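Letter by letter, the chains look like this.
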Amino acid sequence: MKKFALAALSTVAASSAAFANFTGGTPPTAVPEISALEGTAAIAALAAIVLLTWERRRRAH
């Protein structure tokens, strides 16, 4: 399973780099940028959810 995951990951990495500048066909889609503050807030929100879930499970047992 690890070999398959590694092969899939390397294939995705290679193909994304190969087609990064592809301009034929349809125009590239605009991707919204995320600031460091928004990224940190998103990670903090996920961490809060994980910690609350962990605490509820710990108290239930």
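Quick look at the structure, then. (Residues numbered from 1 in each chain as written. Predicted model: local features only at pLDDT ≥ 70, side-chain atom pairs only at ≥ 80, totals over all residues. Heavy atoms only, no water.)

1. Describing the overall build of the chain
No. 1: A count of helical and extended segments in the chain gives 2 helices and 0 strands.
No. 2: The buried share among the 61 residues of the chain stands at 0%.
No. 3: Per element, the accessible surface of the chain, about 6,100 Å² overall, is 70% carbon and sulfur. (Helix = DSSP H or I, 4+ residues; strand = E, 2+ residues; numbered from the N terminus. Buried < 20%, exposed > 50% of the residue type's maximum accessible area, 1.4 Å probe, protein only. Areas by Shrake-Rupley, 256 points an atom, 1.4 Å probe, with all protein chains shown as cover.)

2. Regarding the pattern of salt bridges
No. 1: One pass over the full model with this rule turns up 2 salt bridges.
No. 2: The residue Arg-58 makes a salt bridge to Glu-55 at a minimum N-O spacing of 2.8 Å. With Arg-58 and Glu-55 both in helix α2 (residues 36-60) and 3 residues apart, the pair spans about one turn of that helix.
No. 3: For Arg-59, the salt bridge is made with Glu-55, and the minimal N-O distance between the two is 2.8 Å. One end of the pair, Arg-59, and the other, Glu-55, are both in helix α2, 4 residues apart, so they sit about a helical turn from each other. (Salt bridge = Lys/Arg side-chain N within 4 Å of Asp/Glu carboxyl O.)

3. Concerning α2
No. 1: For α2, with 25 residues, the first-to-last C-alpha span of 36 Å sits near the 36 Å given by 1.5 Å per residue.
No. 2: Among the 25 residues in α2, 0 count as buried, and that is only a small part of the element. (Expected span 1.5 Å × (residues − 1).)

Interpretation in functional terms is not warranted from these geometric data alone.
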